[in-house]
Amino acid sequence: MQSVKRNEKIDGVRTPSILTNKSQAMQSGVFKTEQDMIIHAQKGDQKAFKELVQQHLPNVLALGFRMLGNSTEAEDMAQDVMLGLWQNVRKYDPERAKFSTWLYRITANRCLDRLRKKTPDQLPEDYDPAIEAEQVETIYNKQLSKSMDTALKTLPERQYLALVLFHYQGHKMTEVAEIMECSSEAVESLLARARRTLKQKLGPLWQEFKDNNSPQQLEEKEGEIR
Amino acid sequence: MTNNLDHLTMDEKKLEELLDIYGANLSKMPEPLVKEVKDFLRYCSDDLDGSGQNEQRLSAISISMKEKIAELMEKAEFVDQALDHHNPLPNWDMKTLEEKIFAKAFASKQESTADVISFDDRKTSIKKNKRPSIVGKPSGNNEFFTMKSTGLIAASLLAGLLIGSLGGLDHVFYEEGSTLIASNSLMDDVLYLGTEYSLETAEFLKN
């Protein structure tokens, strides 16, 4: 059984690839700042709106996919959000929140609405996100992904949202708090409870992983290779 | 046994709490905490690397504690890795999706929110909405203010006159119980601002 690759860079900054898309739109040179882009979009400028979409769509999609667990639904939700953005961009008030915070708050709320409407049997029984993504190569990783999927489904939606925003989307604690409209302390509490649950649910798998990678086991494996 | 960890605010329990919140990726922790955690981990590993250089410190930290801390870190890393391996993002056809969004959006209309003013527009809109004659004038001296206050004073005066006249009317009515006097009194009140004149007039009329 192949093990999960160890996190070698514990002190390193893990920048989610999704965040590298930031500021790409500004690089086009048409609008100097995002604020400029928003003002133009509020005045009905389609080019400004297009750039806003190009800048934020990847994050909206990623958040949707993490929350809804399905790429088709994530696409639908992202289309809804972006359509709503065009229709309601004039309602955005910069004095109340950052644009991204406002947009991700809308996205998070749309996801929660969809989750609440969704009944468990809407997903096919053989639905396997690992297979859908076609990026998980090994049986062990598949098993890990499946266990994680099961564990994540047991989390209350706000704990899950906090985890997605913080871990996957790479938002800072204060940003998560703003998006979720609660205090940073409340987010810390949500994250701690979520991770404790995951730790507990993944405990047996972790034990298996540990046993398979004990110094004795590793020596045996090396002996087999020789 | 001397506890050499006293100088650190970090302990096993605190470490566990932090790992539960932030995971094993220390870069996600606030800077002061990262330093504390790193110091704590370094301290523990230095003590227990088997070099035996510092026996006093070795005695302060038990093997079981080292194991516990290592386990805490491993579990936190494991959860991080499981999260990373879970549901890798699909490769979306962004261009097609964007085209769909633009087609839908531009076929619809933006909501009319004439009252919504944002950013720098706020100042310029206020200026635009002001009549040219008052832009740049101090609010206390401008034409708009003068007109408004004049109207207000006139309205108050009229209301005062009416109330005063009614007061006079009541008084006269009470005094005389006569419709005729009352009527005259009302006229006086209106003319003489509802002051003593009303009584005087009433007295006059009575006599």
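**A closer look at the environment of A:Leu144**
With respect to the secondary-structure elements, A:Leu144 resides in helix α6 (residues 139-153). For the pair formed by A:Leu144 and A:Leu205, sequence separation is 61 residues and the distance between their alpha carbons is 7.5 Å.

**Let's talk about the confidence of the model for chain A**
Taken as a whole, chain A shows an average pLDDT of 78; of its residues, 71% reach a score of 70 or greater. Overall, residues 121-127 of chain A carries pLDDT values under 50, and its contacts beyond four positions in sequence, including any with other chains, amount to six contacts.

**Examining the environment of B:Lys75**
Relative to the helices and strands, B:Lys75 resides in helix α4 (residues 63-85). B:Lys75 sits in the partly exposed class, given a relative accessible area of 24%.

**Re the packing of aromatic side chains**
For the structure shown, the criterion picks out ten aromatic pairs over all chains. An angle of 45° between the planes, with centres 5.8 Å apart, marks the rings of A:Phe99 and A:Trp102 as tilted. You can see A:Phe99 and its partner A:Trp102 sitting in helix α4 (residues 99-117), three residues apart, about one turn around the helix. With respect to class, A:Phe99 is no different from A:Trp102; both count as buried. One aromatic cluster is present, formed by A:Phe49, A:Trp86, B:Phe102 and B:Phe106 through successive ring pairs. The lysine or arginine in question, B:Lys28, covers the ring of A:Phe166, its NZ or CZ lying 5.0 Å from the ring centre.

**Description of unusual backbone geometry**
If you check the backbone angles, A:Glu181 has positive phi at about 55° while not being a glycine. With respect to the secondary-structure elements, A:Glu181 resides in the loop between α8 (173-180) and α9 (184-201).

**Notes on the interface of chain B and chain A**
If you look at the interface, chain B gives 53 residues, while chain A gives 73 residues. When chain B packs against chain A, close to 6,300 Å² is buried across both sides, 61% of that on carbon and sulfur atoms. A salt bridge links A:Arg196 to B:Asp20, with the nearest nitrogen and oxygen atoms 3.1 Å apart. At the boundary of chain B with chain A, the tally comes to eleven residue pairs in polar contact (both at pLDDT 80 or more). Mapped by element, the contributors of at least two residues to the side of chain B that touches chain A are α1 (12-22), α4, α5 (94-107) and α6 (121-129) of chain B. The dominant element in the side of chain B that touches chain A, judged by the number of residues it contributes, is α4(B), at 14 residues.

**With respect to the packing of α9(A) against α1(B)**
Closest axis-to-axis distance for the α9(A)/α1(B) pair is 7 Å, and the angle between their directions is 95°. Relative to α1(B), the element α9(A) is oriented roughly perpendicular. Contact with α9(A), carried on its side by A:Glu188, A:Leu191, A:Ala192, A:Arg195, A:Arg196 and A:Lys199, involves B:Glu16, B:Leu19, B:Asp20, B:Ile21 and B:Tyr22 of α1(B) and no other residues of that element. Residue composition of the contact of α9(A) with α1(B), grouped by class: five nonpolar, no polar and six charged.

**A short note on α8(A)**
α8(A) sits mainly inside the fold: six of its eight residues count as buried. Contact partners of the buried residues in α8(A): α4, α7 (157-168) and α9 of chain A together with α1 of chain B. Two residues or fewer past α8(A), A:Glu181 is found with a positive phi of approximately 55°.

**Quick notes on the side chain of A:Thr101**
Along the polypeptide, A:Thr101 turns up in helix α4. Setting aside its immediate chain neighbours within four residues, A:Thr101 contacts A:Glu178 and A:Ile179.

**Examining the pattern of salt bridges**
This model, assessed by the stated rule, comprises 15 salt bridges over all chains. Across the salt bridge formed by B:Glu17 and B:Lys13, the nearest N and O atoms sit 3.3 Å from each other. Placement of the pair is B:Glu17 and B:Lys13 together in helix α1, with a separation of four residues, close to one helical turn. Residue classification places B:Lys13 among the exposed residues on the basis of a relative accessible area of 57%. Where salt bridges share partners, they join A:Arg196, A:Lys199, B:Glu16 and B:Asp20 into one cluster.

Rules and cut-offs
- Residues numbered from 1 in each chain as written.
- Chains lettered and ligands numbered in written order.
- Predicted model: local features only at pLDDT ≥ 70, side-chain atom pairs only at ≥ 80, totals over all residues.
- Heavy atoms only, no water.
- Helix = DSSP H or I, 4+ residues; strand = E, 2+ residues; numbered from the N terminus.
- pLDDT = per-residue confidence, 0-100.
- Contact = heavy atoms within 4.5 Å.
- Buried < 20%, exposed > 50% of the residue type's maximum accessible area, 1.4 Å probe, protein only.
- Phe/Tyr/Trp six-rings, centres within 6.5 Å; stacked < 30°, edge-to-face > 60°.
- Lys NZ or Arg CZ within 6 Å of the ring centre and 35° of its normal.
- Buried area = accessible area lost by both parts, 1.4 Å probe.
- Salt bridge = Lys/Arg side-chain N within 4 Å of Asp/Glu carboxyl O.
- Polar contact = N/O pair within 3.5 Å; in protein donor to acceptor, adjacent residues only side chain to side chain.
- Axes fitted to C-alpha atoms, helices over the stretch in contact; angles between N-to-C directions.
- Parallel < 35°, antiparallel > 145°, perpendicular 65-115°, else oblique.
- Nonpolar A, V, L, I, M, F, W, Y, C, P; charged D, E, K, R; others polar.

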